[in-house]
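# Structural features, examined
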Amino acid sequence: MTTLALDDQQLWEQAGVRLELDGETAVVTLCRPERRNAQSPAMWRGLAAIGRALPGTVRVVVLRAEGVSFSAGLDRAMFTPEGIPGEPNFIALAHADDKELDETIAFYQEAFTWWRRPDLVSIAAVQGHAVGAGFQLALACDLRVVAEDVQFAMKETSLGLVPDLTGTKPLTDLVGYARALEICATGRWVGAEEAVASGLANVAVPAAELEGTVRDLTAALLAAPRNAVNETKALLQGAADRSYEEQRTAERAAQARRLRDLAGIGD
């Protein structure tokens, strides 16, 4: 398994995230187990940078975490007057003007947006607690494989905030408006059985089988031709916003591209 530039890797690891490349697969690991992979702006900068740095040969990205928890959410130091050295705390953010505050949150969101790129399939391997920002990071991925001990929770509302790291759209798409509202407004825990039953997770397995299950899923995804997977993903991603007739049209256009590509006469 190879890695990118050592300087970048060291900088990202200091922020609590590691990237490893193995052919067409990239593995992104949250590596602050002593803090239950609590997230900080530095970690978000690292995640966003990894998204930009991925080689074009990568087809599948696996997101995993070291330790007993996937991620305990936002580093609570952000809530304190002292904050995290070199980062604005919530008090400073609250006093920013509208433009600065909007740009800051948009910058944080960049760590969560690239996982659904049309040229990739992303898989979150989730064990233990995935809270708040941790829940939203798992939701940023296309697929979720969870350990039987998983506990999801969206605690932002309980803290007087809203989920703002891109999690509300995929959560609503996966479980529906009513259940998404109830999960967010109450901040309750969602375990593995409910996660699978509601569509939040693709499959739940014993913790000892999590890595192997993700490895098998990765191999299955890589077995199909890349362009066919990418076209199919784009069709499915856009289906909710299209009418039935619009989706039929999109299918025809995608299939025409595939047929011509297979015949060697594509663009």
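Residues numbered from 1 in each chain as written. Predicted model: local features only at pLDDT ≥ 70, side-chain atom pairs only at ≥ 80, totals over all residues. Heavy atoms only, no water.

Turning our attention to the environment of Pro118. Its location among the elements puts Pro118 in the loop between helix 4 (98-113) and strand 4 (121-126). In the structure, Pro118 is positioned 138 residues away from Ala256 in sequence and 18 Å away in space, judged by C-alpha atoms. The residues touching Pro118, leaving out its near neighbours within four places in the chain, are Asn230 and Lys233. (Helix = DSSP H or I, 4+ residues; strand = E, 2+ residues; numbered from the N terminus. Contact = heavy atoms within 4.5 Å.)

Taken together, the side chains of Asp97, Asp98, Glu100 and Asp102 define an acidic patch exposed on the protein surface. Summarising the element assignment, Asp97 is placed in the loop between helix 3 (90-94) and helix 4. (Patch = residues over 30% accessible without salt bridge, like charges linked within 9 Å, V, L, I, M, F, W, Y side chains within 5 Å. Areas by Shrake-Rupley, 256 points an atom, 1.4 Å probe, with all protein chains shown as cover. Salt bridge = Lys/Arg side-chain N within 4 Å of Asp/Glu carboxyl O. Lys, Arg positive; Asp, Glu negative; His and termini not counted. Charge placed at Lys NZ, Arg CZ, Asp CG, Glu CD.)

Sheet architecture is open: three strands sit in the order 5-7-8, paired in mixed fashion. Taken across any chain shown, the strands that pair with only one partner, and hence form the sheet edges, are strand 5 (129-131) and strand 8 (190-191). Pairing between strand 5 and strand 7 (residues 151-153): three bridges, direction parallel. Each residue of the ladder has a partner; that of Ala130, found in strand 7, is Phe152. The sheet strands contacting helix 5 (residues 133-140) are strand 5 and strand 7, and the helix crosses strand 5 at an angle near 95°. (Pairing = 2+ DSSP bridges. Axes fitted to C-alpha atoms, helices over the stretch in contact; angles between N-to-C directions.)

Another point: the packing of aromatic side chains. Scanning the entire structure with this criterion turns up five aromatic pairs. Geometrically, the ring pair formed by Trp44 and Tyr108 is tilted, given 4.8 Å between the ring centres and 55° between the ring planes. A residue pair is termed long-range when its members are at least 10 positions apart, and Trp44 in helix 2 (residues 41-53) and Tyr108 in helix 4 qualify at 64 residues. On the numbers, 4.6 Å between centres and 70° between planes, the contact of Phe79 with Phe90 is edge-to-face. Of this pair, Phe79 sits in the loop between strand 3 (60-65) and helix 3 while Phe90 sits in helix 3, and the two are 11 residues apart along the sequence. Members of the aromatic cluster, connected to one another through ring pairs, are Trp44, Tyr108 and Phe112. The ring of Trp189 has Lys155 lying over it, and the distance from NZ or CZ to the ring centre is 4.8 Å. (Phe/Tyr/Trp six-rings, centres within 6.5 Å; stacked < 30°, edge-to-face > 60°. Lys NZ or Arg CZ within 6 Å of the ring centre and 35° of its normal.)

With the rule as written, the count across this model stands at 17 salt bridges. When the shortest N-O distance is used, the salt bridge between Glu13 and Arg18 registers 4.0 Å. Given the relative accessible area of 34%, Glu13 is considered partly exposed. Of the charged contacts, one joins Glu194 and Arg188 as a salt bridge, the two residues approaching to 2.7 Å between their closest N and O atoms. (Buried < 20%, exposed > 50% of the residue type's maximum accessible area, 1.4 Å probe, protein only.)

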